[in-house]
Amino acid sequence: METLLGSSTSRAETGSLPERGRGDTVLDEVRDLCRDDHAYTDGTVFNSICSAPLEIARRVYAEHLDANLGDNRIYPSLRRAEAQLSAMLGELLGHPGAVGVTTSGGTEANLLAVLAAVRRHRSRSGGRGGPARIVLPESAHFSFDKIVGLLPVEPVYAPLDERLRVRPAELARLVTADTALVVATAGTSEAGAVDDVPAVAEHTAALGVPLHVDAATGGFLIPFARELGHELPPFAFDVPGVTSVTLDPHKYGGVPIPSGHLLLRDGADAELLRTASHYRGTVDHHGLLGTRPGAAVLAAWAALRALGRDGYRDLVGGVFARRDLLLGLLRAAGFEVAVQPQLTVVTVRHSEPERLVDALERRGFIASVARRYGLLRLVVHWHQTEEQLRALVAAMADADARAEGGAA
Ligand SMILES: *Cc1c(COP(=O)(O)O)cnc(C)c1O
């Protein structure tokens, strides 16, 4: 019978548990297992918001594989590292006093933000009332699809404008004083769209409704891009009314996976997330996971300290320059850029985006499709060189020419 991996699957590949250990050959087996993986450096990866971690972060991570954030008695360093990391990220987001929770990524951070809102809503309504209503942009990340399936919330979606940002006035019409939470996105992973957070916050703050900003992707881009003169709105704690922010060091922060962060403006909100530990002397938990990699926190701490603001500014400047190069190459090759990108995701209008992505894949390139918008999607990251971007656009043009030739 054909297996999922095809009929040529060798015995080692079936993952059977060998009777006799294979310590002598297992590294070769692993190499074989991973044989068709791409490397960020090989010039084929154009769909990923993640990239190769910084060398320093990789090294710190590798040196601290034992470190368990779930046990602060064995690893008291991790409490310091977590608190200092939160302070650095808070500083980046305009509020050094922010309280932070390290997470496995943006999904967990968003989940915690919604969980806090549900608990706050419940305590305010004295336990009466139905599910907590949350208002999100139609562009909200699919982590929220998971979250609304897990938590007792009623999602309401606000429509987008032609640049795929939420329409603040239409969103405002959906928000009442009883709304548990409003979500905005600072950098969608599908199109890099940055919502007008100040306009959204004006309405939420007036009603006293909490506003969570999902800056999983944009958190490490927007602050530096603004410093470099790119026109982008403020999106974080410098906007009155923003109560929490998600950002992912494992995307544009150069930190190994898993590294996410939730920051709260008001330290009292952390109480809503606290679960008491059952053990003597270990700290209470505010995240979802128990045992979790302290290596990621130390690596994030090290990355921020090693690069500093000017290091990130240089990286972000480089990524934006590559983006502009890609835009020029695409237009010169006759492709239609669908939305003038605000960040590092470039969308292309095409009659058959799925087919073009398949054709690129046959040529070795991984591109993507933003399915909700029917657009070809290319993610620019610091692992790509100018030459590699040229090769991508040449492959796109070639694939397109052949498809037309075939159809004629
Ligand atoms: C990546 C991303 C997430 C989810 O983060 P994970 O780290 O993949 O769990 C959520 N929101 C946005 C906007 C993202 O870009």
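Residues numbered from 1 in each chain as written. Predicted model: local features only at pLDDT ≥ 70, side-chain atom pairs only at ≥ 80, totals over all residues. Heavy atoms only, no water.

1. A look at the side chain of K251
- One can find K251 in helix α9 (residues 249–252).
- Accessibility expressed as a relative area gives 14% for K251, which makes it buried.
- Once residues within four sequence positions are removed from consideration, K251 is found in contact with I49, C50, S51, A216, T217 and H381. (Helix = DSSP H or I, 4+ residues; strand = E, 2+ residues; numbered from the N terminus. Buried < 20%, exposed > 50% of the residue type's maximum accessible area, 1.4 Å probe, protein only. Contact = heavy atoms within 4.5 Å.)

2. Re the pattern of salt bridges
- Taken as a whole, this structure holds 22 salt bridges when the rule is applied.
- Close ionic contact of R22 with E29 constitutes a salt bridge, the shortest N to O distance being 2.9 Å.
- Given a relative accessible area of 38%, R22 falls into the partly exposed group.
- Given the relative accessible area of 22%, E29 is considered partly exposed.
- For the salt bridge of R355 with E352, the shortest nitrogen-to-oxygen distance reads 3.5 Å. (Salt bridge = Lys/Arg side-chain N within 4 Å of Asp/Glu carboxyl O.)

3. Here's the deal with the sheet that holds strand β7 (residues 260–264)
- Strand order in this open sheet of seven strands is β1-β7-β6-β5-β4-β2-β3, and the pairing throughout is mixed. Only two strands of the sheet have a single partner each, and these edge strands are β1 (99–103) and β3 (153–158). For this sheet the average axis-to-axis angle between neighbouring strands, irrespective of direction, equals 20°.
- As defined by bridge partners, strand β2 (residues 132–137) adjoins strand β4 (residues 181–185) across two bridges and the pair is classed as parallel. Each bridged residue has a counterpart across the sheet, and for I134 the counterpart in β4 is L181.
- Running at roughly 70° to β7, helix α3 (residues 76–92) makes contact with β1, β6 (242–247) and β7 of the sheet. (Pairing = 2+ DSSP bridges. Axes fitted to C-alpha atoms, helices over the stretch in contact; angles between N-to-C directions.)

4. Focus on the site of the ligand
- Around the ligand sit 14 residues in total, of which T107, D214, T217, H250 and K251 are the nearest.
- With respect to the ligand, the side chain of S189 contributes an N or O atom lying 3.2 Å from an oxygen atom.
- One can see that the ligand is located within the largest pocket.
- Broken down by secondary-structure element, the contributors of at least two residues to the shell around the ligand are α4 (106–124) and α9. (Near = heavy atom within 4 Å. Polar contact = N/O pair within 3.5 Å; in protein donor to acceptor, adjacent residues only side chain to side chain. 1 Å grid on protein atoms, 1.4 Å probe; cavity = no way out; pocket = protein on both sides within 12 Å on 5 of 7 lines; lining within 4 Å. Sits in = over half its atoms within 2 Å of the grid points.)

5. Quick notes on the domain arrangement of the chain
- Here the chain is partitioned into domain 1 (40–53 + 309–404) and domain 2 (55–306).
- With centres defined by C-alpha atoms, the gap from domain 1 to domain 2 works out at 28 Å.
- Counting residues at the interface gives 28 residues for domain 1 and 41 residues for domain 2.
- Interface of domain 1 and domain 2: buried area, both sides summed, is about 3000 Å²; carbon and sulfur atoms make up 60% of it.
- If you look at where domain 1 meets domain 2, you find three salt bridges.
- In this structure, the salt-bridge partner of E227 is R309, at a minimum N-O distance of 3.0 Å.
- Viewed at the interface, domain 2 and domain 1 are joined by 14 residue pairs in polar contact (both at pLDDT 80 or more).
- Sorting the residues of the side of domain 1 that touches domain 2 by element identifies α10 (294–332), β9 (345–349) and β11 (375–379) as the ones contributing at least two each.
- For the side of domain 1 that touches domain 2, the leading source of residues is α10, giving eight residues.
- Split into classes, the residues belonging to the side of domain 1 that touches domain 2 amount to 16 nonpolar, seven polar and five charged. (Domains from an automatic or database assignment. Buried area = accessible area lost by both parts, 1.4 Å probe. Nonpolar A, V, L, I, M, F, W, Y, C, P; charged D, E, K, R; others polar.)

6. Side note on the sheet that holds β9
- With antiparallel pairing, four strands are arranged side by side in an open sheet as β8-β9-β11-β10. Each of the sheet's edge strands pairs with one partner strand only, and the pair in question is β8 (336–339) and β10 (368–370). Each strand axis lies, on average, 50° off the axis of its neighbour in the sheet, ignoring direction.
- As paired elements, β9 and β11 share four bridges and run antiparallel to each other. Counted as the bridge partner of T347 is R377 from β11.

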